[in-house]
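Structural description and commentary
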Amino acid sequence: IALSCICSIFGFAKDKTELEVNYGIERDISRVENTIGRLNWYKEQGYNTSSIRLPGGLSENSTQEEIAIAVQAEYTETEYENFKAFINKKWEEFSGKFEELKNVPSFDLMDKYILVLTKYGMGGSYNREKGEIIVNLSGRDKEKIIGTIFHEIIHLAIEHLIQKHLIKHWYKERLVDLTMNKYFSGMTSNQNIKEDITIVDEMFNKFFPDFEAITQAIVENK
């Protein structure tokens, strides 16, 4: 198995947010292992697990060896290389918007993000400690994938407030959707949330752009 490839680092000025793009077989194997390990959690949260992409022939009981063989059989580096060039162009186009977001109260943007490309799992996920975003390229329009990247960056920017105020999962997702609508309108669709998230909309409309006030008010008024 070849070592994961760090494809490029996109930085456009010293004070601009950087995006480091990574991909590789080991990354895909790790993504599949983590996804299989979280299938029960996805079910508990009400996600449609049939939409979660995994290599053919795998199940919740698949071994590490079976996962590695299945990923290697499907791996095509050209797909990732082509998307890298597209990301390069789009990040340069939109990176200025993130500089604007640095002025938003309590919005904690990082100087650099690590973007991991894969073909597996959910559409996107994030790791606050690593400053890492993982996006699934399979079966989606390129523009929507860029929207997913921005969606996950917003998650990272407010995660400290989510943890501080113990905001529950679907309230958090609605808060990210509302923020996307403000700054990156049309790049993603609002999620189909089945539980009542009216309080999130009310507090967002009342206190935006103060995210500390929004999250605190959600807890106090729920």
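Scroll up for the structure.
The shown structure was predicted, so the numbers you read here are calculated from the model rather than taken from an experiment. (Residues numbered from 1 in each chain as written. Predicted model: local features only at pLDDT ≥ 70, side-chain atom pairs only at ≥ 80, totals over all residues. Heavy atoms only, no water.)

**A closer look at helix H7 (residues 198–207)**
Every α-helix winds through 3.6 residues per turn, so residues three or four apart in the chain are directed the same way. Restricting attention to buried positions, one finds in H7 the residues Ile 199, Val 200, Asp 201, Met 203 and Phe 204. Tucked into the core, H7 has its buried residues touching helix H6 (169–183) and helix H8 (211–221). (Buried < 20%, exposed > 50% of the residue type's maximum accessible area, 1.4 Å probe, protein only. Helix = DSSP H or I, 4+ residues; strand = E, 2+ residues; numbered from the N terminus. Contact = heavy atoms within 4.5 Å.)

**A few points about H8**
Within the span of H8, buried status applies to Phe 211, Glu 212, Ala 213, Ile 214, Thr 215, Ala 217 and Ile 218. Elements that come into contact with the buried residues of H8 comprise helix H5 (142–165), H6 and H7. At the N-terminal end of H8, a side-chain oxygen is found 3.2 Å from the backbone nitrogen of Glu 212, two or three residues along, and the residue is Asp 210. (Polar contact = N/O pair within 3.5 Å; in protein donor to acceptor, adjacent residues only side chain to side chain.)

**Comments concerning the pattern of salt bridges**
Applying the stated criterion to the full structure yields 14 salt bridges. As a salt-bridge pair, Lys 90 and Glu 143 come within 3.1 Å of each other at their nearest N and O atoms. Here the residue Lys 90 occupies a position in helix H4 (residues 77–101), and Glu 143 occupies one in helix H5, the gap between them amounting to 53 residues. A network of salt bridges, in which partner residues are shared, links Lys 90, Glu 93 and Glu 143. (Salt bridge = Lys/Arg side-chain N within 4 Å of Asp/Glu carboxyl O.)

**Considering the nonpolar core**
Judged by nonpolar contacts, the single largest core of 69 residues is most densely connected at Ile 87, Phe 107, Leu 115, Leu 117, Phe 150, Phe 184 and Phe 211. The greatest single-element share of this core, amounting to eleven residues, is contributed by H5. (Core = buried A, V, L, I, M, F, W, Y, C linked by side-chain atoms within 4.5 Å.)

**Some remarks on the pairing of strand E4 (residues 124–127)**
Taken together, the four bridges between E4 and strand E5 (residues 132–136) define a ladder with antiparallel strand orientation. Along E5, the bridge assignment pairs Tyr 126 with Ile 133. (Pairing = 2+ DSSP bridges.)

**A word on the packing of H6 against H8**
Contact geometry for H6 and H8: axes closest at 12 Å, N-to-C directions at 145°. For the element pair H6 and H8, the recorded crossing hand is right-handed. Contact residues: H6 offers Tyr 171, Leu 175 and Thr 179, while H8 offers Phe 211, Ile 214, Thr 215 and Ile 218. Residue composition of the contact of H6 with H8, grouped by class: five nonpolar, two polar and no charged. (Axes fitted to C-alpha atoms, helices over the stretch in contact; angles between N-to-C directions. Left-handed = near helix turned anticlockwise from the far one by under 90°. Nonpolar A, V, L, I, M, F, W, Y, C, P; charged D, E, K, R; others polar.)

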